[in-house]
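Chain by chain, the residues:
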Amino acid sequence: MTYQPSSTTADPWPRSEPPTLTPGAEQRELRSAVRGLLTKHSDVDSTRDIAETEPGFSRDLWGRLVDEMSVAALAVPESNGGLGYGTVELGIILEECGRSLICEPVLSSAIVGTQALLLGAADAAVAPLLAQAMDDGLVVAVSTLDPTHDELRAEKTDGQWSLAGRATHVVAGNAADVVVVSADAPDGRRIFAAGTEATSRIDRKVIDPTRRQTDIVFEGVSALPLIGPDDIEAFRTRIADLTTLALACENTGMTDRLLELTLAHVVTREQFGRPIGSFQAIKHRLADLLMTLERARSASRYASAVFADDPDDARLAVAVAGAVCSDAAIEAASEAIQLHGGVGFTWEHPVHSYFRRALGNEALQGDSRSHRARIAELIGI
């Protein structure tokens with residue numbers, strides 16, 4: 001696949017209802033398989049313990065996700081060695097990862113990292129990296145691609161590019177084998193893929209310790225060019241949209257699980273001799289939370305289906321999903337903490353970890369206000 005950015009569409013609205021919006025038997029089987037694997041091999045307590053180790057995730061579970069679920073190859077075209085599915089299937093995986101709150105680099109490497117390499121696969125030298133990411137669990141991290149964060153310079157000597165400088169706030173950068181960055185080159189800003197063996201790394205303190213961020217320092221590190229100056233803005237937009245969509249799907253899964261945890265608590269916790277879930281005030285709050293979950297599901301799954309048809313037509317749907325699902329995760333976590341009572345406010349309780357992940361996701365790709373500003377821009381108001 002060679003990346004061919006589309007011209008900006010004058011009309012941002014999706015053309016029609018996407019055919020993949022309604023899940024079929026294959027999608028249901030995929031969800032069941034992923035949920036079964038994550039239920040067996042991951043829970044919030046183990047996630048928090050593993051996140052404090054190196055590399056910050058379970059190599060065993062990551063290997064199972066790559067080998068058994070093909071998470072990195074799922075949305076790569078068959079012509080590039082993948083399975084040829086799309087963002088609908090990726091959305092299912094991300095919802096389940098959000099439910100389990102895993103710290104394995106599914107979002108950063110299997111989704112965003114693999115797709116970033118795919119967009120630059122016109123260079124034959126990139127193909128081996130893409131194959132390793134799909135088949136061997138090579139961890140690919142993508143920086144913010146923001147010039148104010150990626151303070152990198154690229155030089156070309158005897159036909160070989162090298163990088164010097166620092167990329168900051170790289171998700172899963174502590175364990176990355178390859179990192180995709182933007183750097184200033186003599187002919188303009190470019191996108192590169194670089195190995196991390198000769199780099200130094202500095203972990204950042206973040207609100208969500210289960211999703212680590214790292215600064216990576218390059219000093220004359222060899223790099224492969226992915227995208228040239230003419231296409232860099234289209235590339236950055238595509239990656240930003242994909243990341244927003246991925247986080248929306250993850251937030252939907254988190255909202256679903258938080259509602260489950262809260263329901264399980266209110267039907268067993270008693271006050272005045274009866275379950276607190278029988279109180280009218282609690283029922284109303286749970287009903288509101290269910291409506292919030294359904295809005296998030298509708299927004300994220302619709303955006304996934306539209307993106308699968310045409311990413312350039314999906315910008316409005318993605319922005320809506322970003323706003324709706326970000327609000328949903330924050331609301332669900334806040335309600336879960338309050339309805340669990342005093343125990344919900346403690347760091348030891350699982351809902352606290354979901355709350356931190358929801359706040360961390362806001363920091364990664366913007367809060368609902370920034371997504372609504374994007375909506376206003378797209379529809380011209």
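Since we're looking at a predicted model, the values are computed, not measured.

**Details of the side chain of Gln 213**
Next, step 1: Summarising the element assignment, Gln 213 is placed in strand β7 (residues 213-227).
Next, step 2: Residue classification places Gln 213 among the buried residues on the basis of a relative accessible area of 11%.
Next, step 3: In this view, Gln 213 contacts His 169, Val 170, Val 171, Ile 202, Asp 203, Arg 204, Val 206 and Leu 364; residues no more than four positions away in its chain are not counted.

**Comments concerning the UniProt feature "domain: Acyl-CoA dehydrogenase/oxidase C-terminal" (unreviewed entry) in the chain**
Next, step 1: Under the feature "domain: Acyl-CoA dehydrogenase/oxidase C-terminal" (unreviewed entry), the UniProt entry names residues 245-377.
Next, step 2: The span residues 245-377 is 77% helical and 3% strand by assignment, and the distance between its end C-alpha atoms comes to 18 Å.

**Quick look at the packing of aromatic side chains**
Next, step 1: The full count for this structure, using the stated rule, is two aromatic pairs.
Next, step 2: On the numbers, 6.3 Å between centres and 70° between planes, the contact of Phe 57 with Trp 62 is edge-to-face. Trp 62 carries the same exposure label as Phe 57, and that label is buried.
Next, step 3: The ring centre of Trp 347 lies 5.0 Å from the NZ or CZ of Arg 48, which sits over that ring.
Next, step 4: Taking the ring centre of Trp 347 as reference, the NZ or CZ of Arg 356 above it sits at 4.4 Å.

**Quick notes on the pattern of salt bridges**
Next, step 1: Tallied over the full model, the rule gives 29 salt bridges.
Next, step 2: The partner of Arg 301 in a salt bridge is Glu 95, with the nearest N and O atoms 3.0 Å apart. You can see Arg 301 sitting in helix α8 (residues 280-309) and its partner Glu 95 sitting in helix α4 (residues 87-100), a full 206 residues away along the chain.
Next, step 3: Take Glu 95: its relative accessible area is 5%, and that puts it in the buried class.
Next, step 4: Between Asp 312 and Arg 238 there is a salt bridge, and its shortest N-O distance comes to 3.8 Å. On the criterion of sequence distance, the pair formed by Asp 312 in the loop between α8 and α9 (315-339) and Arg 238 in helix α7 (residues 232-266) is long-range, its members being 74 residues apart. Summarising the burial analysis for this pair, Asp 312 and Arg 238 share the class buried.
Next, step 5: One salt-bridge network, held together by shared partners, links Arg 31, Arg 35, Glu 95, Glu 96, Arg 99, Asp 256, Arg 257, Glu 260, Glu 294, Arg 297 and Arg 301.

**Quick notes on the packing of helix α5 (residues 106-119) against α7**
Next, step 1: Between α5 and α7, the shortest axis-to-axis distance is 11 Å and the interhelical angle comes to 155°. Accordingly, the angle class assigned to the pair α5 and α7 is roughly antiparallel. The element α5 and its partner α7 pack so that their crossing is right-handed. Residues Leu 107, Ile 111, Val 112, Gln 115, Ala 116 and Leu 119 of α5 touch α7, and the partners they reach there are Phe 235, Arg 238, Ile 239, Leu 242, Thr 243, Ala 246, Leu 247 and Glu 250.
Next, step 2: Within the contact of α5 with α7, the residues separate by chemical class into ten nonpolar, two polar and two charged.

**Let's talk about helix α6 (residues 127-135)**
Next, step 1: Buried residues of α6: Leu 129, Leu 130, Ala 133 and Met 134, and no others. Seen end-on, α6 carries its buried residues on one side only, within an arc spanning 130°.
Next, step 2: Among the residues trailing α6, Gly 137 stands out with phi positive, at a value near 75°.

**Looking at the environment of Arg 189**
Next, step 1: With respect to the helices and strands, the residue Arg 189 is situated in strand β5 (residues 188-195).
Next, step 2: For Arg 189, a relative accessible area of 13% translates into the label buried.
Next, step 3: Once the C-alpha coordinates of Arg 189 and Asp 230 are considered, the two residues, 41 residues apart in sequence, prove to be 8.9 Å apart.
Next, step 4: Contact partners of Arg 189, with chain neighbours within four places excluded, come to Asp 146, Pro 147, Asp 150, Leu 152, Ser 182, Ala 183, Asp 184, Gly 228, Pro 229 and Ile 232.
Next, step 5: At a separation of 2.6 Å, a polar atom in the side chain of Arg 189 contacts the main-chain carbonyl oxygen of Asp 150.
Next, step 6: At 3.2 Å, the side chain of Arg 189 forms a polar contact with the side chain of Ser 182.

**Focus: the nonpolar core**
Next, step 1: Ranked by internal contacts, the top residues of the largest apolar core, which has 87 residues, are Leu 65, Val 106, Leu 117, Leu 163 and Phe 218.
Next, step 2: Phe 218 has contacts with Leu 152, Leu 163, Ala 164, Gly 165, Ala 167, Val 179, Val 181, Ala 194, Gly 195 and Thr 199, leaving out every residue within four places of it along the chain.
Next, step 3: The next biggest cluster of nonpolar side chains, apart from the first, holds 21 residues, and it includes Met 254, Leu 258, Ile 330 and Ile 337.

About the thresholds
Residues numbered from 1 in each chain as written. Predicted model: local features only at pLDDT ≥ 70, side-chain atom pairs only at ≥ 80, totals over all residues. Heavy atoms only, no water. Helix = DSSP H or I, 4+ residues; strand = E, 2+ residues; numbered from the N terminus. Buried < 20%, exposed > 50% of the residue type's maximum accessible area, 1.4 Å probe, protein only. Contact = heavy atoms within 4.5 Å. UniProt positions renumbered as here; feature names shortened; annotations may be inferred. Phe/Tyr/Trp six-rings, centres within 6.5 Å; stacked < 30°, edge-to-face > 60°. Lys NZ or Arg CZ within 6 Å of the ring centre and 35° of its normal. Salt bridge = Lys/Arg side-chain N within 4 Å of Asp/Glu carboxyl O. Axes fitted to C-alpha atoms, helices over the stretch in contact; angles between N-to-C directions. Parallel < 35°, antiparallel > 145°, perpendicular 65-115°, else oblique. Left-handed = near helix turned anticlockwise from the far one by under 90°. Nonpolar A, V, L, I, M, F, W, Y, C, P; charged D, E, K, R; others polar. Arc of directions from axis to C-beta. Polar contact = N/O pair within 3.5 Å; in protein donor to acceptor, adjacent residues only side chain to side chain. Core = buried A, V, L, I, M, F, W, Y, C linked by side-chain atoms within 4.5 Å.

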